[in-house]
Amino acid sequence: MSDDSHEGKKESTVGKVYLVGSGPGDPDLLTVKAKRLIESAEVVLHDKLPGPEILGMIPEAKREDVGKRAGGEWTPQEYTNNRLVELARQGNTVVRLKGGDPTVFGRGGEEMVHLAESGIPFEVVPGITSAIAGPEVAGIPVTHRDYVSSVSFVTGHEDPTKDESAVDWEALANTGGTIVVLMGVGKLPGYTGELLKYGMDPETPVALIERATWPDQRVATGTLDTIVDVRDSEGIEPPAITVIGEVAGERERVVEFLEGA
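Residues numbered from 1 in each chain as written. Predicted model: local features only at pLDDT ≥ 70, side-chain atom pairs only at ≥ 80, totals over all residues. Heavy atoms only, no water.

Some details on the side chain of Arg96
- You can see Arg96 is positioned in strand E4 (residues 93-98).
- Ignoring anything within four residues of it in the chain, the contact list for Arg96 reads Tyr18, Leu19, Val20, Leu45, His46, Asp47, Val66, Thr80, Leu84 and Glu111. (Helix = DSSP H or I, 4+ residues; strand = E, 2+ residues; numbered from the N terminus. Contact = heavy atoms within 4.5 Å.)

Description of the sheet that holds E4
- One open sheet accounts for five strands, arranged E3-E2-E4-E1-E5; its pairing is parallel. Here the strands that pair on one side only, and so sit at the sheet edges, are strand E3 (63-65) and strand E5 (122-125). Ignoring which end each strand starts from, the neighbouring axes of this sheet average 20 degrees apart.
- Sheet topology places strand E2 (residues 43-46) next to E3; three bridges connect them, and they run parallel. Looking at E3, one finds that Val44 is bridged to Arg63. (Pairing = 2+ DSSP bridges. Axes fitted to C-alpha atoms, helices over the stretch in contact; angles between N-to-C directions.)

Describing helix H8 (residues 227-234)
- The complete set of buried residues in H8 reads Ile227, Val230 and Arg231. Down the axis, H8 shows its buried residues gathered within 100 degrees of arc, on one side only. Of the exposed residues in H8, those oriented more than 90 degrees away from the buried face are Asp229 and Ser233.
- In the core, the buried residues of H8 are packed alongside helix H7 (188-197), strand E8 (205-210) and strand E9 (218-223). (Buried < 20%, exposed > 50% of the residue type's maximum accessible area, 1.4 Å probe, protein only. Arc of directions from axis to C-beta.)

Here's the deal with a nonpolar patch on the surface
- On the surface, Phe105, Ile132, Phe153 and Met183 cluster together into a nonpolar patch covering about 300 Å² of accessible area.
- Looking at the element boundaries, Phe105 is found in the loop between E4 and helix H4 (108-117). (Patch = residues over 30% accessible without salt bridge, like charges linked within 9 Å, V, L, I, M, F, W, Y side chains within 5 Å. Areas by Shrake-Rupley, 256 points an atom, 1.4 Å probe, with all protein chains shown as cover. Salt bridge = Lys/Arg side-chain N within 4 Å of Asp/Glu carboxyl O.)

Take a look at the structure:
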């Protein structure tokens, strides 16, 4: 057989997937590496959390929204997992762009396992997590030597009253540390009620930071006992971060001189 028998046949080459954290939303808080990968990728699969300014940096032709679909339905994670594999097997350099950090309630762990099991090379690019950046740009340090030396990050998507909750609200109510709840605006009455039930002081300071670092960032403050009413009167909507603990009271001490707050 002639050595030329394979001419014209394209050798199959598997691409690579980058699981990239975009930070809390301000384009200036993108890492240098994240920005470079976004610009060089052939396809970017994203949800809404990276924010309009960051998404606006990506040409529409190479963007795929795997957040909300038409009609308000969420894209199933299984679809996203399979789409990453499909695109990589076509030889593409793919960025899976997430808000904050890929593995802080970003399903990066699930995607890593799926890619590995599918034989797809991948790399994780850490991002600034909104769990820390959101409070601090609002003048709230998640730890403070005078008040607290521990912090717990909790997802707000889970029903806090279900029988087999993965979150131990009783323990959180009694540890004395800062509690940061991500994606928890809707279930605010549930988990604040759980903390009160288990003995947390009703006067504990609480802050809600809506669209942290975005141009339209808003902050509302109250106490564990009043924050639900504050949310409703201020019209706080997702995406927002809830900070519960003495550190939330620090905002009032610094906000007069805090730019962008």
